[in-house]
Amino acid sequence: MLNPFWSTRGSGGVVTHPYINPLTMQNVVQKYVDIPFIFPHFGAGYWQELLHLAWSSPNVYVDSSGSNDWVRWMPYKLSLENLFEKAYETIGPERMIFGTDSCRFPRGFSKRYLDIQEVACNNIGMSKKDMQLFFGGNAARILKLEDALPVKVL
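The notes below deal with the structure included here. Remember, it's a predicted structure, so these values are computed and weren't measured experimentally.

## Some points on the sheet that holds strand S2 (residues 60-63)
Argument step 1. Spatial ordering of the open sheet is given by S1-S2-S3, a layout of three strands whose pairing is parallel. At either end of the open sheet lies a strand with only one pairing partner, and these are strand S1 (37-39) and strand S3 (96-97).
Argument step 2. Pairing analysis gives three bridges linking S1 to S2, with the strands arranged parallel. Paired with Phe39 across the bridge in S2 is Val62.

## A look at helix H5 (residues 128-142)
For the α-helix, the turn length of 3.6 residues means that residues three or four positions removed from each other point alike.
Argument step 1. Spanning 15 residues, H5 covers 20 Å between terminal C-alpha atoms, matching the ideal 21 Å at 1.5 Å per step.
Argument step 2. Within the sequence span of H5, burial applies to Asp130, Met131, Phe134, Phe135, Asn138, Ala140 and Ile142.
Argument step 3. At the exit of H5 stands Lys144, carrying a positive phi of roughly 55°.

## Comments concerning the packing of helix H4 (residues 111-123) against H5
Argument step 1. Two elements in contact, H4 and H5, have axes whose closest approach is 11 Å; the angle formed by their N-to-C orientations is 145°. Crossing of H4 over H5 shows right-handed handedness. Residues Leu114, Gln117, Glu118, Cys121 and Asn122 of H4 lie in contact with H5, whose contacting residues are Lys128, Met131, Phe134 and Phe135.
Argument step 2. For the contact of H4 with H5, a count of residues per class yields five nonpolar, two polar and two charged.

## Describing the pattern of salt bridges
Argument step 1. Tallied over the full model, the rule gives two salt bridges.
Argument step 2. Taking the shortest distance from any N to any O, the salt bridge between Lys86 and Glu89 comes out at 2.8 Å. Of this pair, Lys86 and Glu89 both sit in helix H3 (residues 80-90), separated by three residues, roughly a single helical turn.
Argument step 3. Between Asp115 and Lys111 there is a salt bridge whose closest N-O contact spans 2.7 Å. Separated by four residues within a single helix, Asp115 and Lys111 lie in helix H4, roughly one turn from each other.
Argument step 4. Looking at Asp115, the relative accessible area reads 30%, which means it is partly exposed.
Argument step 5. Here Lys111 falls in the partly exposed class, since its relative accessible area comes to 48%.

## Some points on the environment of Gly92
Argument step 1. Checked against the element boundaries, Gly92 lands in the loop between H3 and S3.
Argument step 2. The exposure class assigned to Gly92 is buried, which follows from its relative accessible area of 10%.
Argument step 3. Here the alpha-carbon distance between Gly92 and Asp130, two residues 38 residues apart in the chain, equals 8.9 Å.

## A closer look at the nonpolar core
Argument step 1. The biggest cluster of nonpolar side chains holds 31 residues, and the ones touching the most others in it are Phe42, Trp47, Trp70 and Phe84.
Argument step 2. For this core, the secondary-structure elements that each account for two or more residues are S1, helix H2 (47-56), S2, H3, H4 and H5.
Argument step 3. A per-element tally of this core places H2 first, with five residues.
Argument step 4. Residues in contact with Phe42, not counting those within four places in the same chain, are Trp47, Leu50, Val62, Asp63, Ser64, Asn68, Trp70, Leu80, Leu83, Phe84 and Ala87.

## Re the packing of aromatic side chains
Aromatic ring pairs: the centre-centre distance and the angle between the two ring planes describe each pair.
Argument step 1. Taken as a whole, this structure holds six aromatic pairs when the rule is applied.
Argument step 2. Taking the centre distance of 5.5 Å and the plane angle of 85° together, the rings of Phe42 and Trp47 count as edge-to-face. Here Phe42 matches Trp47 in class, with each residue buried.
Argument step 3. The rings of Phe42, Trp47, Phe84, Phe98, Phe134 and Phe135 are connected pair by pair, giving a single aromatic cluster.

Conventions and cut-offs
Residues numbered from 1 in each chain as written. Predicted model: local features only at pLDDT ≥ 70, side-chain atom pairs only at ≥ 80, totals over all residues. Heavy atoms only, no water. Pairing = 2+ DSSP bridges. Helix = DSSP H or I, 4+ residues; strand = E, 2+ residues; numbered from the N terminus. Expected span 1.5 Å × (residues − 1). Buried < 20%, exposed > 50% of the residue type's maximum accessible area, 1.4 Å probe, protein only. Axes fitted to C-alpha atoms, helices over the stretch in contact; angles between N-to-C directions. Left-handed = near helix turned anticlockwise from the far one by under 90°. Contact = heavy atoms within 4.5 Å. Nonpolar A, V, L, I, M, F, W, Y, C, P; charged D, E, K, R; others polar. Salt bridge = Lys/Arg side-chain N within 4 Å of Asp/Glu carboxyl O. Core = buried A, V, L, I, M, F, W, Y, C linked by side-chain atoms within 4.5 Å. Phe/Tyr/Trp six-rings, centres within 6.5 Å; stacked < 30°, edge-to-face > 60°.

Below is the structure:
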């Protein structure tokens, strides 16, 4: 797994970085096809580029972490439902991974991201089986957590 960039870091985020565009990883991703590469935040502003890379590389995964507030700065209208719908349709539920950005303390687990992402999945008509893959099954498979309990989706 690899997180080659993090463009939403801090107030205002990182504006430029040599590897901020997911397509800069194309040669690496396509050379090491046995390694799963997980790109966070739905590409964080590089949505089309991430979709192109994921479409051409079956070892590319999309992570939904965080608020995804970056959609506000896109030159076209984009919502969380749009992100889920296009990822679901383009790369499928087997390569979508739930992320929360709940790593900082004392905040702890950010249930708000879980709630809004579950609503988005329901709004696009994602099946319960596919939601179980997204909300834990895919991560368990990648991490080889054979004893992982199935995710309960409401």
